[in-house]
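Spelled out, the chains give:
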Amino acid sequence: MSTPPNATFENQVAELRVYLLKFARLQLRNEAWAEDAVSETLLAALSKPQAFEQRSQLKTWLVGILKHKIIDALRHHRREVCVASGSDDEQADPLEDMAFKADGHYAEKPAEWGNPEQDMNSRQFFAVLEACTDKLPAVQGRLFLMREWLELSSEEICKELALTPTNLYVQLHRARLRLRECLELNWFARPSTP
């Protein structure tokens, strides 16, 4: 989605609402809570547009605000139970069987990742990373984003979602394996252009 150069700040913010709502739904698992968090984010951004000093992309700035709104919502609704719909593969993970031999070593040598620091600066890389994150099973995606994007501690996540530390670590491990495989297939294994 490219924004025309003459688009107003308000229009640019409004265009990102769908993305922010998707992110909030994944974390909060409640439509009303997600809507509230995104609304509060948009209100905060629109009430103080001068706070956006263009030191980052607008999307990054808004996600930063939303992260705080989500953490506030999680803490506020701590005692309420929110049941996720659908079924996730909590028991079996086919990636785990493919990735390692019985002795614990990799079944295949990991692909060469080149210069990850240079790739990290690439917008294309982040687009692929985002797409890979979206492909994670809902539970794994939520836990991964809580840990890595919201920067919640393991203890906070376990307490918030009534998980054992072992279950959390297993789910995060599975999420990282899936992300690694997705990135190797969709980013690092692509043919290099001269």
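A. A look at helix α3 (residues 31-47). In this model α3 runs 24 Å from its N-terminal to its C-terminal C-alpha over 17 residues, within 8% of the 24 Å that 1.5 Å per residue would give. Among the residues making up α3, those that are buried are W33, A34, A37, V38, T41, L42 and A45. For α3, the arc enclosing every buried residue in end-on projection is 165°, short of the 170-degree limit, so these residues lie on one face. Exposed positions of α3 whose direction lies more than 90 degrees from the buried face are L43 and S47.

B. Spatial organisation of the side chain of S154. By the secondary structure assignment, S154 is in helix α9 (residues 154-161). The contacts of S154, once residues within four sequence positions are left out, are R147, L168 and Y169.

C. Fine view of the packing of aromatic side chains. Applying the stated criterion across every chain yields a total of 4 aromatic pairs. A centroid spacing of 5.6 Å and a plane angle of 40° characterise the contact between F23 and W149, whose relative ring orientation is tilted. Here W149 lies in the loop between α8 (138-148) and α9 and F23 lies in helix α2 (residues 17-28), a separation of 126 residues in the sequence. Relative accessible area serves as the criterion here: at 5%, F23 is assigned to the buried category.

D. Examining the pattern of salt bridges more closely. Across all of its chains, the model carries 7 salt bridges by this definition. Between D134 and K22 there is a salt bridge; the shortest N-O distance is 2.8 Å. Taken together, the residues D134 in helix α7 (residues 123-134) and K22 in helix α2 connect sequence positions 112 residues apart. Exposure remark for D134: the relative accessible area of 41% places this residue in the partly exposed category. Taking the shortest distance from any N to any O, the salt bridge between E156 and R75 comes out at 2.9 Å. Residue E156 is located in helix α9, and its partner R75 is located in helix α4 (residues 58-76); the two are separated by 81 residues in the primary sequence. Using a relative accessible area of 31% as the deciding quantity, one classes E156 as partly exposed. On the accessibility criterion, R75 (42% relative accessible area) is partly exposed.

Criteria and cut-off values
- Residues numbered from 1 in each chain as written.
- Predicted model: local features only at pLDDT ≥ 70, side-chain atom pairs only at ≥ 80, totals over all residues.
- Heavy atoms only, no water.
- Helix = DSSP H or I, 4+ residues; strand = E, 2+ residues; numbered from the N terminus.
- Expected span 1.5 Å × (residues − 1).
- Buried < 20%, exposed > 50% of the residue type's maximum accessible area, 1.4 Å probe, protein only.
- Arc of directions from axis to C-beta.
- Contact = heavy atoms within 4.5 Å.
- Phe/Tyr/Trp six-rings, centres within 6.5 Å; stacked < 30°, edge-to-face > 60°.
- Salt bridge = Lys/Arg side-chain N within 4 Å of Asp/Glu carboxyl O.

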